[in-house]
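Observations on chain architecture
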Amino acid sequence: MAKKQFQAESKRLLEMMINSIYTQKEIFLRELISNASDAIDKIYYKALTDDKLVFNKEDYYIKITPDKTNRTLTISDTGIGMTKDELENNLGVIAKSGSFAFKKENELKDGHNIIGQFGVGFYSAFMVADVVTVISKALGSEEAYKWESAGADGYTIEPCEKAAPGTEIILKIKENTEDDSYDEYLEEYRLRSIIKKYSDFIRYPIKMEVTRSKPKEGSDSEREEYVEEQTVNSMVPIWRRNKNELTAEDYENFYMEKRYGFDKPIKHIHISADGAVVYNAILYIPEKTPFDYYTKEYEKGLELYSNGVLIMEKCADLLPDYFSFVKGMVDSEDLSLNISRELLQHDKQLKLIAKNIKNRIKSTLQSLLKDEREKYEEFYKSFGRQLKFGVYSDFGANKEDLQDLLLFYSSKEKKLVTLDEYVSRMPEDQKYIYYAAGDSIERIDKLPQTELVADKGYEILYFTDDIDEFAIKMLMKYKEKEFKSVSSDDLGIETDAADKQAEAEESDNKELFEFMKNTLSDKVKEVKASKRLKSHPVCLSAAGEVSIEMEKILKAMPTGQDVKADKVLEINVQHEVFQSLKDAYQNDKDKLKLYTNLLYNQALLIEGLPIGDPVEFTNDICKIMV
Ligand code: ADP
Ligand code: MG
């Protein structure tokens, strides 16, 4: 019998395909099962319009049969089958999809279930098989045909016997090589797990004969093996079921089953969209941060299904980085099975879905914050940092989306508050939203810089996360109110009297301040009379854009950026210490140097910054003790 050649371009395509389109060999089974499911669907659709054809669901199934002795794996279906012509056209011409043509001919609109449309899936069989044999009998036809191919060199086709309509695909599984094992595709447990992973929600039963054991009759200890036909897939996915029929427990179970996390999710979102793009999704907001969440190792993404068939385990394009904590899956009829990762990125439908999902997550978090504050705060403890990161990244492009989801600790309320809550209770004379940054709430509580603002009765937001101040710099304003650090130059609340006194003292003691500045040389940019201190003698503030807190954070980063804040040493001119400084300036310059260094080091300690030379500092203290 003459061997027919694949069409020339098909031949090249076939080689390329086998070696490059699919990254994992195991997906051949997904492709063949999807084709089988399509073939059954076709009968179903025909029956819709053909009165002579009755579709009894029980008659339709897919069967997987491994045979270790002959090294074959058979995938058979009771679907529509193929005529001789169809075998030639659909399997002989690569990139020709009979399923795509079927959809066109039958004018099936969106919402149909047929998966195939690319005409390449079938060939994935050659990734694991040396020879592929297809025995098929078309529905309504008397003859059956056998198509056979050993890969790129062509195929044969001849008549054969087959009782019922449908298709049988027999793969002669490759021998193991040094690099690859093929034996696994003959193992029952392995096949089951591949089916579960990719094809669990195929709508027809996928049957397999499984070996089980039972106690041997008349014996207590011995067992005997027997073979039983089982349906491996669960067929109806939870996301296709009606929301009203599902309980919170069902969603939790699905979360566990899928191993999205080991915690209990805080909230689930079930989407059934049939607008511009048709898809179902089940998303979860986890409760706890995964151990690797804030590391480079963490991979964001949702499971992506095309019509019940898994096509990607972690589709990153479906989630923005700032919602990277969301777990779950998306199933869409509008995506094709064989689509590659590269193509997927440009897929319009996928972009639409991603946008949709983003908005749903946002609104879910908003209502959680509004209606279930405790739960939201639980969530915020785990993932608030990521939201703040989102405000900061992409040059603030997403700040509008995220600003109302932020929470900060409030000096007045002694708990987390939203920016909106802060602004809505601002007294009329308060111009800015004040914040103080530091290592912990306890430390910030004691910061001398907060004195004046707190004294005024204004609320202060405490920034204890390293990202906080960076995020706020990106926000700049909230509801027209600018953010202001309590350590910044101009607080906008100095009382006139205090201002005037500080100014007067400063000009009266110009040389003193200059002497102090020279003593500290480039450690500070300036030494000046403070307008913000009330009871503390000294503090450090920053003159430029970079705050002292930011300097600390940048320094601690792995890339170790040595960006320095322009530090200003502020002296409380109303404090007794100031008198001592003045005296020292008049009578003992060495003493003034000593005092200056001491005050500077104290200010560093208050800020949580390391002292340049601790031994010298200790010696200095001893000097004033003797
Ligand atoms: P696609 O599924 O994207 O159309 P495939 O390469 O997977 O491409 O399959 C090519 C064509 O072969 C299908 O469109 C279908 O017409 C036909 N075909 C493949 N497997 C079967 C089957 N089990 N029963 C009937 N037709 C099949
Ligand atoms: Mg296919």
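Attention in this report is confined to the structure presented alongside it.

Criteria and cut-off values
Residues numbered from 1 in each chain as written. Chains lettered and ligands numbered in written order. Predicted model: local features only at pLDDT ≥ 70, side-chain atom pairs only at ≥ 80, totals over all residues. Heavy atoms only, no water. Axes fitted to C-alpha atoms, helices over the stretch in contact; angles between N-to-C directions. Helix = DSSP H or I, 4+ residues; strand = E, 2+ residues; numbered from the N terminus. Contact = heavy atoms within 4.5 Å. Nonpolar A, V, L, I, M, F, W, Y, C, P; charged D, E, K, R; others polar. Patch = residues over 30% accessible without salt bridge, like charges linked within 9 Å, V, L, I, M, F, W, Y side chains within 5 Å. Areas by Shrake-Rupley, 256 points an atom, 1.4 Å probe, with all protein chains shown as cover. Salt bridge = Lys/Arg side-chain N within 4 Å of Asp/Glu carboxyl O. Buried < 20%, exposed > 50% of the residue type's maximum accessible area, 1.4 Å probe, protein only. Pairing = 2+ DSSP bridges. Phe/Tyr/Trp six-rings, centres within 6.5 Å; stacked < 30°, edge-to-face > 60°. Core = buried A, V, L, I, M, F, W, Y, C linked by side-chain atoms within 4.5 Å. Domains from an automatic or database assignment. Arc of directions from axis to C-beta. Parallel < 35°, antiparallel > 145°, perpendicular 65-115°, else oblique.

Here we look at the packing of helix α18 (residues 576-587) against helix α19 (residues 589-607)
The interhelical angle for the contact between α18 and α19, taken along N-to-C directions, is 145°, at an axis separation of 7 Å. Here Val 577, Ser 580, Leu 581, Ala 584, Tyr 585 and Asn 587 of α18 come into contact with α19, specifically with Lys 589, Lys 591, Leu 592, Tyr 595 and Leu 599. Its residues placed into classes, the contact of α18 with α19 shows seven nonpolar, two polar and two charged.

Things to note about a nonpolar patch on the surface
On the surface, a nonpolar cluster with roughly 450 Å² of combined accessible area is contributed by Ile 621, Ile 624, Met 625 and Val 626. By the secondary structure assignment, Ile 624 is in helix α20 (residues 614-625). A relative accessible area of 46% means that Ile 624 is categorised as partly exposed.

Things to note about the sheet that holds strand β3 (residues 129-137)
A sheet is described by the order of its strands in space; here eight strands give the open sequence β5-β4-β3-β6-β2-β1-β7-β8, paired in mixed fashion. Every other strand in the sheet has two partners, leaving β5 (155-160) and β8 (223-231) as the edge strands with one partner each. For this sheet, the mean inter-axis angle between neighbouring strands, taken without regard to orientation, is 20°. The pairing of β3 with strand β6 (residues 166-173) spans eight bridges and is antiparallel. Looking at β6, one finds that Val 134 is bridged to Ile 169. Here helix α5 (residues 188-199) sits on the sheet in contact with β1 (62-67), β2 (72-77), β7 (206-215) and β8, set at roughly 135° to β7.

Observations regarding the sheet that holds strand β19 (residues 481-485)
Pairing within the open sheet is mixed, and its six strands lie in the order β15-β14-β17-β16-β19-β18. Two strands bound the open sheet, and with one partner strand each, they are β15 (416-417) and β18 (477-478). One ladder, built from three bridges, connects strand β16 (residues 433-437) with β19; its direction is parallel. The residue of β19 that forms the bridge with Tyr 435 is Ser 485. Docked against the sheet, helix α14 (residues 468-475) engages β14 (408-410), β16, β17 (460-463), β18 and β19, running at close to 155° with respect to β16.

Examining the packing of aromatic side chains
According to the stated counting rule, one finds 35 aromatic pairs in the structure shown. With 5.5 Å between their ring centres and 75° between their planes, Phe 122 and Trp 147 make a pair best called edge-to-face. Residue Phe 122 is found in the loop between α4 (98-105) and β3, and its partner Trp 147 is found in strand β4 (residues 144-149); the two are separated by 25 residues along the sequence. The same class applies to Phe 122 as to Trp 147, namely buried.

Describing unusual backbone geometry
Even without a glycine there, the phi angle at Met 235 is positive, about 65°. Tracing the chain through its elements places Met 235 in the loop between β8 and α6 (248-257). Classification of Met 235 by relative accessible area gives partly exposed; the value is 25%. You will see that Lys 414, though not glycine, has its phi angle at about 60°, which is positive. The exposure class assigned to Lys 414 is partly exposed, which follows from its relative accessible area of 49%.

Points about the nonpolar core
Note that soluble globular proteins tend to have their nonpolar side chains buried in a common cluster. Leu 318, Phe 325, Ile 357, Tyr 376, Phe 379, Leu 387 and Tyr 434 are the most contacted members of the largest nonpolar core, which has 72 residues in total. For this core, the leading source of residues is helix α8 (residues 348-371), giving eight residues. Domain assignment of the residues forming this core places at least three in each of domain 2 (247-373) and domain 3 (407-485). Leave out the neighbours within four places in its chain, and Leu 318 touches Leu 302, Leu 304, Val 330, Leu 350, Ile 353, Ala 354 and Ile 357. Within the second largest apolar cluster, 62 residues are counted, among which are Ile 27, Ile 62, Tyr 255 and Tyr 284.

Points about α6
Turning to α6, its buried residues are Tyr 251, Phe 254 and Tyr 255. Seen from one end, α6 has its buried residues packed into an arc of 100°, which puts them on one side. Of the exposed residues in α6, those oriented more than 90 degrees away from the buried face are Glu 249 and Glu 257. Contact partners of the buried residues in α6: β9 (267-274), β10 (278-285) and β13 (327-332). Two residues or fewer past α6, Arg 259 is found with a positive phi of approximately 55°.

Let's talk about the pattern of salt bridges
Under the defined criterion, the tally for this structure stands at 42 salt bridges. With a closest N to O distance of 3.2 Å, Lys 358 and Asp 401 form a salt bridge. Remark: Asp 401 occurs in helix α10 (residues 399-402) and Lys 358 occurs in helix α8; sequence separation between them is 43 residues. Between Arg 373 and Glu 421 there is a salt bridge, with the nearest N and O atoms lying 2.8 Å from each other. Of the two residues, Arg 373 sits in helix α9 (residues 373-392) while Glu 421 sits in helix α11 (residues 419-424), which places them 48 residues apart along the sequence. Members of the salt-bridge network, linked through shared partners, are Glu 26, Glu 184, Arg 190, Lys 197 and Glu 313.

Some points on the pairing of strand β22 (residues 567-571)
For β22, the buried fraction is high: five of the five residues fall into the buried class. Every second residue of β22 is oriented toward a common face, with Lys 567, Leu 569 and Ile 571 on one face and Val 568 and Glu 570 on the other, all of them buried. Note that strand β21 (residues 538-542) and β22 share five bridges and pair antiparallel. Looking at β22, one finds that Leu 540 is bridged to Leu 569.

Focus on α14
The buried fraction of α14 is high, at six of eight residues. Taken together, the buried positions of α14 are Asp 468, Glu 469, Phe 470, Ala 471, Ile 472 and Leu 475. Directly beyond the C-terminal end of α14, a positive phi value near 65° is found at Met 476.

Some words on the packing of α14 against helix α17 (residues 548-556)
Their axes nearest at 9 Å, the elements α14 and α17 cross at an angle of 120°. When the axes of α14 and α17 are compared, the pair comes out oblique. On α17, the residues that touch Glu 469, Phe 470 and Lys 473 of α14 are Glu 549, Met 550, Ile 553 and Leu 554. When the residues that make up the contact of α14 with α17 are grouped by side-chain class, the tally is four nonpolar, no polar and three charged.

Bear in mind that shape data such as this cannot, by itself, settle questions of function.
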